[in-house]
Amino acid sequence: MRKIIVLTFVTLDGVMQAPGGPTEDTSGGFQYGGWLVPHFDEALGQEMGEQMGQPFDLLLGRKTFEIFATYWPTAEGGDNPINHATKYVASWTMREHEWQKSVFLNGDVVAQIRQLKQGEGPDLQVHGSSELLQTLLANDLIDELWLKIFPVTVGEGKRLFGEGAKPAAYTLVESRATPSGVIIARYLRAGAVETGQIGT
């Protein structure tokens, strides 16, 4: 069985929109694109290299796929892990693309993703794809969260845990901080939320 692993850059107030640049995603009038850049240090780059150095396929929303497709096909001469990965893209409208190893999920996307998880192959990494993430969260399809939490708040914007998120428990299995103050944290899905009362 394949796992779905979410790799996300996120602010302290939970925003994941447009971390990499001012024009990456300005929807909703978002003005703080590129908020990760001042904090992206060598340690974080090494972590990303390790996480993407293992076998993986990608599960992406259409908008993130289109952003990736403008850069990764020729990055490093095309010899990069994202170019080599199979890219499964959830889209109502897109059916094909010239980028190699791109597969489009149309119709009942949730059923198709469940089928992917049951199949053979490397784990499925989700990068960006905020709208798709809400669908994955709503249907309890995420197995692990690999978060990079940045020391900045931006107020409004697309959030990792938005309207699609249901109550869920997670177990922290690994964490550390980079010299620039980014917290790297790995969480495993751990069943339902448990409640109690202090002092009893």
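Please refer to the structure placed before this passage.
In this text the structure is predicted, and so the values were computed from the model without any measurement.

Peer 1: Outline the layout of surface pockets, listing residues and values.
Peer 2: In this structure, the largest pocket encloses a volume near 1,200 Å³. Thr64, Phe68, His127, Gly128 and Ser129 are, among the 44 residues lining the largest pocket, the residues nearest its centre. Broken down by secondary-structure element, the contributors of at least two residues to the lining of the largest pocket are strand E1 (4-11), helix H1 (42-51), helix H2 (62-69), helix H3 (81-84) and helix H5 (130-138). With five residues, the single largest contributor to the lining of the largest pocket is H2.

Peer 1: So what's going on with the packing of aromatic side chains? Residues and values would help.
Peer 2: Evaluated as defined, the whole model comprises seven aromatic pairs. Taken together, a centroid distance of 5.9 Å and an interplanar angle of 75° make the contact between phenylalanine 9 and phenylalanine 150 edge-to-face. Of this pair, phenylalanine 9 sits in strand E1 while phenylalanine 150 sits in strand E6 (residues 144-150), and the two are 141 residues apart along the sequence. Here phenylalanine 150 falls in the buried class, since its relative accessible area comes to 0%. Consider the rings of tryptophan 35 and phenylalanine 150, whose centres lie 5.5 Å apart with planes at 80°: the pair is edge-to-face. Taken together, the positions of tryptophan 35 in the loop between E1 and H1 and phenylalanine 150 in strand E6 put the pair 115 residues apart, joining distant regions of the chain. With a relative accessible area of 6%, tryptophan 35 lands in the buried category. Here the guanidinium or amino end of lysine 87 rests over the ring plane of tryptophan 99, the centre of that ring lying 4.5 Å away. In this structure, arginine 189 packs its charged tip against the face of tyrosine 170, placed 5.8 Å from the ring centre.

Cut-offs applied
- Residues numbered from 1 in each chain as written.
- Predicted model: local features only at pLDDT ≥ 70, side-chain atom pairs only at ≥ 80, totals over all residues.
- Heavy atoms only, no water.
- 1 Å grid on protein atoms, 1.4 Å probe; cavity = no way out; pocket = protein on both sides within 12 Å on 5 of 7 lines; lining within 4 Å.
- Points joined across faces, edges and corners; volume = space filled by probe spheres on them.
- Helix = DSSP H or I, 4+ residues; strand = E, 2+ residues; numbered from the N terminus.
- Phe/Tyr/Trp six-rings, centres within 6.5 Å; stacked < 30°, edge-to-face > 60°.
- Buried < 20%, exposed > 50% of the residue type's maximum accessible area, 1.4 Å probe, protein only.
- Lys NZ or Arg CZ within 6 Å of the ring centre and 35° of its normal.

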